[in-house]
Structure formats: C-alpha cells, structure tokens
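Survey of secondary and tertiary structure
Listed below, chain by chain, are the residues.
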Amino acid sequence: MTIFSTDHKVIGKQYIGLSLFAVLIGMALSLAMRYHLVHPDAKVRLFQMLWPDGAPGGQMTPELYLSLMTMHGTIMVFFVLTTAPQSGFGNYFLPLQIGAHDMAFPVLNMLSFWTTTLSFLVLMAAFVVEGGAPLSGWTAYPPLSALGKIAGPGQGLGQDLWVLSIALFCVASLMAAINFIATIIELRAPGVGYFDMPLTAWAWFVTALISLFAFAVLLAGGILLLLDRMAGTSFFIPGGLVVSDQIQARSGGSPILFQHLFWFFGHPEVYIAILPGMGVISTVLSVFSGKKVFGYRAMAYAMLAIGGLGFLVWGHHMFISGMSPYSSVAFSVLTLAIGVPSAIKTFNWIATLWGGRIRFKAAMLYALGFVSLFITGGVTGLVLGQPGLDLYFHDTYFVVAHFHLIMGVAAIFAIFAALHYWFPLLYGRFLNETLGKIHFYGTFVGVYAVFVPLHFAGIAGNPRRYPDFKEYEFLKSLMPLHVGVTHAAYSLAAIQLLFLFNYFWSQRKGKLADKNPWGAATREWNHD
Amino acid sequence: MTNVARTGQTLLIVASSMLFAAFTSAMVVRRATGTDWIAPSVPVWLWAAALLAIAASCLVAKKFYRSAALCGFALVASQIACAASLRMGDVAQSFAAVLVTAHAAHALFGACALWWKGERASLFWHFAGALWLYVLWLIGVWA
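Described below are features of the structure shown in this document.

What counts and how
Residues numbered from 1 in each chain as written. Chains lettered and ligands numbered in written order. Predicted model: local features only at pLDDT ≥ 70, side-chain atom pairs only at ≥ 80, totals over all residues. Heavy atoms only, no water. Helix = DSSP H or I, 4+ residues; strand = E, 2+ residues; numbered from the N terminus. Buried < 20%, exposed > 50% of the residue type's maximum accessible area, 1.4 Å probe, protein only. Contact = heavy atoms within 4.5 Å. Buried area = accessible area lost by both parts, 1.4 Å probe. Salt bridge = Lys/Arg side-chain N within 4 Å of Asp/Glu carboxyl O. Polar contact = N/O pair within 3.5 Å; in protein donor to acceptor, adjacent residues only side chain to side chain. Nonpolar A, V, L, I, M, F, W, Y, C, P; charged D, E, K, R; others polar. Phe/Tyr/Trp six-rings, centres within 6.5 Å; stacked < 30°, edge-to-face > 60°. Lys NZ or Arg CZ within 6 Å of the ring centre and 35° of its normal.

Attention now moves to the overall build of chain B. Of the regular secondary structure elements, chain B holds 5 helices and 0 strands. When the helices and strands of chain B are listed from N to C terminus, the series reads α-α-α-α-α. Judged by the C-alpha coordinates and their principal axes, chain B covers about 50 × 30 × 20 Å. When each of the 143 residues of chain B is scored for burial, the buried share is 55%. Within chain B, residue pairs in contact and separated by at least 24 positions form 78% of the contacts whose partners lie at least 6 positions apart.

The subject of this paragraph is the interface of chain A and chain B. Each side of the interface is counted separately: chain A has 30 residues, and chain B has 25 residues. When chain A packs against chain B, close to 2,100 Å² is buried across both sides, 80% of that on carbon and sulfur atoms. Considering only the surface of chain A that becomes buried against chain B, E186(A), F235(A) and L257(A) emerge as the three largest contributors, covering 22% of it. Taken together, chain A and chain B are joined by 0 salt bridges. Taken together, the connections running from chain A to chain B amount to 5 residue pairs in polar contact (both at pLDDT 80 or more). Elements that contribute at least two residues to the side of chain A that touches chain B include exactly α6 (157-186), α7 (199-230) and α8 (255-289) of chain A. When residues of the side of chain A that touches chain B are assigned to their parent elements, the largest contribution, 9 residues, is made by α7(A). Here the side of chain A that touches chain B is composed, by residue class, of 22 nonpolar, 7 polar and 1 charged.

Scanning all chains against the criterion turns up 70 aromatic pairs over all chains. Between F78(A) and F265(A), the aromatic rings sit 6.0 Å apart at their centres with planes inclined by 5°, giving stacked as the arrangement. Taken together, the residues span a long stretch of sequence, with F78(A) in helix α3 (residues 62-81) and F265(A) in helix α8 at a distance of 187 residues. Summarising the burial analysis for this pair, F78(A) and F265(A) share the class buried. When the ring centre of F195(A) is taken as reference, the NZ or CZ atom of R297(A) above it lies at 4.1 Å. Its end group placed over the ring of W142(B), R31(B) keeps NZ or CZ at 4.0 Å from the ring centre.

All names here are of chain A. The tally for this structure, following the rule as stated, stands at 9 salt bridges over all chains. Its salt-bridge partner being E130, residue K149 comes within 3.7 Å of it at the nearest N-O pair. Within this pair, whereas K149 is found in the loop between α5 (106-125) and α6, its partner E130 is found in the loop between α5 and α6, the two being separated by 19 residues in sequence. E130 sits in the exposed class, given a relative accessible area of 62%. When the shortest N-O distance is used, the salt bridge between R229 and D160 registers 2.7 Å. You can see R229 sitting in helix α7 and its partner D160 sitting in helix α6, a full 69 residues away along the chain. In this structure, R229 and D160 share a single accessibility class: buried. One network of salt bridges, with partners in common, ties together D41, D468, K470 and E471.

Once that is clear, we can look at the environment of Y421(A). All names here are of chain A. Its location among the elements puts Y421 in helix α14 (residues 397-427). Given a relative accessible area of 0%, Y421 falls into the buried group. Sequence separation between Y421 and P517 is 96 residues; the distance between their C-alpha atoms is 9.6 Å. When near neighbours in sequence (up to four residues on either side) are disregarded, Y421 contacts T283, V284, V287, F288, A363, W518, A520, T522, E524 and W525.

Laid out in structure tokens, this is it:
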C-alpha cells in the first residue's frame, strides 16, 4: 500500500486518519479554552512552552484565547465534520454500495486528499509563525480579518495562512464533490437505480451537490479577502477606518458583503456536516431494528429539500447586520421551513424503530443518541431562526450550545455509529462492545452536561468570545455554571481516551468478524 | 468522450460558474454600496482577444486541437498583460483584475487540456470561451 494510492478504500482510511488527528488537536484546544475561562489568572507552564508570546509567564493572553478559539472552530468544522463523514466514509463505502469498482476519477480523488492534507498543514503552520494563529474566529469577519498585522497578533502571517488554508480546502472539496457526483451518476451498477441506492449513498450525493455549489462561493470570498490583505484592494474594508491611531488607506468596502458570501457557504456547510450522518443513522436504525427504513423515498426527498432550502437561509446568521426587516421575515420563514423535512426524517426514524426487534449494540446506541441530539439542537435552531429572539441571543452562549449540539456533537455521534457499524469491514474485526457502550453512556451524559447549561448562560446574556468573565460584573454570577461545564468537559475528554484505546486495540486484538455480522442488506457487506 | 469524462467536465463547469457568480454578485453589491466606483476602461486589444477565444472554439469544432490550444495560450498572455496593467487600489479595476485573472486560470487549464487531451477537453474549452465573453461584457459594458 502506498500513501499516494488511488484506491478509494485507502483514501477513505486516510481521510478518517486525518480527521482523527485533527479532532484530537481541536479537542485539546477546547480544553485549554475551558481551563482559561475558569482560571483566567492561572500560570500554566505548558501554555508558556507551546505559545511563549501568547502566554508570557504561563498566563494566557486574551489574544491567545481568541486564536485558540479560531483554530478550534476551523479545525473542527473543516477537517473533522466536513472531512470524516463525507470524504472518509463516503470514499470507502460509496463505490461498494452502488456496485462501482472505484470512484469515477481515482487520481483526482488522491489529489483531493493530499490537497486537504496540505491545507491542514498550512493551517497548523499558523501556530508557529510570527504573531501566531489568527484571532478572527472561523468566520473570519472583516475588517478584523482583512487589515493585516496592524489588527493584532496573529492577524499578519497567521491570518494569511488561514485564508490560504481555507482556499486550498475549498479546491479539495470541489474536487471531491465532482468525484462523488460523477461516481453516483455514471458508475452505478446495472440495475441500481437512484431509488435503489441506500440512504447513505443518497446522503453523500446530496452533500456533494451542496459542496459543489457552496465551496466555490467560499473560494471567491477567500480570494477577495486575500487580495484585501495583500494587494491593497477595498472589497471588504470600509473607508475612513482608523486602527491603532492610523487611518487605513482604503475606500468604501463592505464588511457585510463578506458576511453574505461567507454565510451563503456557511449555512449549507451545516448540512455538509450533518447529512452524511443522517444517512448513516437511517441505515443503522434500520439494521438494528430488523426493519426496512420507514418512508425511504420521503427520506431521500427530505434530504434534497434540506439541501435546497439550506441555500436560501443564510441571512438568518445576519439578522443583526442591519438588513431590512422584510428580508429578515423571508429568511426566518425559510429557516423555519427546514423544520418540515427535518421533522419528516425524525418521525421516520422513530417509525423505523416502532415495532422492530431492537438490538442495543453500541452502533445503535450512538444512532439513538444522534436522534436525541438532532432534536435537541434542532429545537433551539427554531428559536434562533426568529429575528426577534435572535436579536437577544446573537453572539451569546445560546448560539454556541445550539450549533455544538446540532452540527458538532450530533455529527460526531454519527461518526461513532459509523465506526462501530463498519469496523468489521474496515479492519475485519469488531470494536469492543462493552467499551463502546461505556464510551457511549459517558459521552452522551457528558455532552448534555456541557451544552445544556451553556443554553442557560446564553439566556442569561453571557456573550461568547469573552476570554475573562471576571472582568464583567454581570458575568460573575455565572462562574459556578462555567466551572461545572468545564469539569464536565474534562470528563467528556477523558472518556474519549477509552474510545481511542478501543479503536486502536480492536484493530489488532478485537473479535474477528464474520462476513455480514449485523445481517445488513446493503451491497458493501457482500463485496469480496 | 466517455460519459464519465463528460459528466466530470459538466460538474467542473457548474463549480466554475458558481465561482464567477459569486464574483459577479460581490461586484454588483460593491458597486451599489460604495461611493468610489469609477468605470474601468478595458483596453481595446482585450476586446480583440475575444476573437482568440472564438477562433479557438471554431478550431476545436474543426478538430484542430493544438492550434486551438495555441490560440488559448495567446488569450492567456493577453489576459495576464491586462491584469498586470490594472490598479488594485481602484475598486472597479480590482474587480476587473480578479475576473480577468480567474478567467486566465481557467483558460490556461483549458488550453493545456486541449493540447494534451484534445477532444476530451472540448466541452470545457467552449465553456471557457463563452465565459470570457461574459467577463468582457461585465467589466467592459456593465461596469
């Protein structure tokens, strides 16, 4: 096996490996942030060793906190949630499920993986360049992200590398999207119609379609942002801006314009992260209930509807940007409309379980956990989709709690479900069931212990992106809540070590698997 | 051309169209919201370069792929010369530079593909030619 393999199975495993590495870094950054929030004055030797400029004497500066937040968000959204469910599992299993010998363009597939890897390395390089990693969050709003070094540490070369990394990621994702769509359209085996494909294949198909339309727009935004930073253009930087007592020699740019370009990508990105998980969960619920998926066609159409509507709702991220109230109403109605296909999926999952002979294997537990998280996170999405409420909740921890549940943790649960379900095909062995169940219960309780209290912090008006709550009188009373959340986060991280052990141990020592151990009906289990 | 190649090219065309749609929408919004928009003047010879794109498409239709690729390379050279002459400090000219350079990248890819892959790259080349006419209209007439 060569690392520059064009084999879809090898590339799928490479994507999964990259995501696993990325999630460990992303998780470590989140723990450092949580630690700082409850111990803002603590001096930690590790911080000083890792970031001598950002943590002089071991005490984390606000700028370092913001750079960790930026990198955490970027790593998790792009290199974990976008990469593993679609490119990882999709590459490995899509050709097997539709009877293709490989992806349509194997060399392009290999190039796509290595461009993603290069993008990841470029992003990581931001940690070690002068000024460190950027501060502007994963959304990189200008003017902060567009001004360059004068805007603060990390806004020089660090932000350049961030934009370059995202541009590379866009190119890689476009290559992957073209490959997935072409594979499904052209390489289905004879007799495999669109409505003969498993819902996982449908999910990868719809996700690839979304990627094709969304990443090109982010690429355009990234190119214009890079030119504002490096070529003296004024696409996003307004005229008359004064930074550090210096007037910026730019004219008439619009920061809101970048927000439109970003969120035209950013909202569909939520579905890029979650739709492959929906496909996996549909399959797992069906297999471990011993029943066919309830309402197969409705499930496929619902995914298409979610994908289509997802492009019409980007404005709900910008309710407070000064847009017309009429636009807000339109975006709000369309946002709430996404609840319809989402509810179709949820009710169909429940109907699939109804009357089934349910086997509570670890994969099934994760699938049920996904449904729970999808409902919890989805309901708060309806709250945020209303302009009147969003005015209050915008940029509070309510938003943080919402998107972590619906986009982050739910998608991660789908990844866990997929790994438990397909591990016999990936490695010829089972993941240990007992460890898997302990890991599930610990993780399930842990994520709710972390993110439910953060909703209440948001309701209490706790803004996000503040590195030191004790500086603000109105936030002092919320410190006990944050201490509890941070301890829950430590526990949640600790239980992940159990999964890591299980993942690597089971590859060599796990129980050997039969050819189709779960009794599944999809093609990948019958492939030699 | 195989179905797989044709589908792949069609999808590439969709992605490229989205890229240029995003640039266009940014240009429309930026012109409407700023007070610093001065219409860029497109060099006359850039209009003449449109003939290169059309000539290349005609040559592709006649299956003279390498001759078409040479026209493509000439088009790219004229586009690079044009982009280099534009002032990035002027917002309308900077949009023109972005669009011309982005198209040059597409034209270069298309010309190289014509040179090495011949007929298999024809669909993309026709798209690149039509796209150049659109870009010229956008920066030369609309802007």
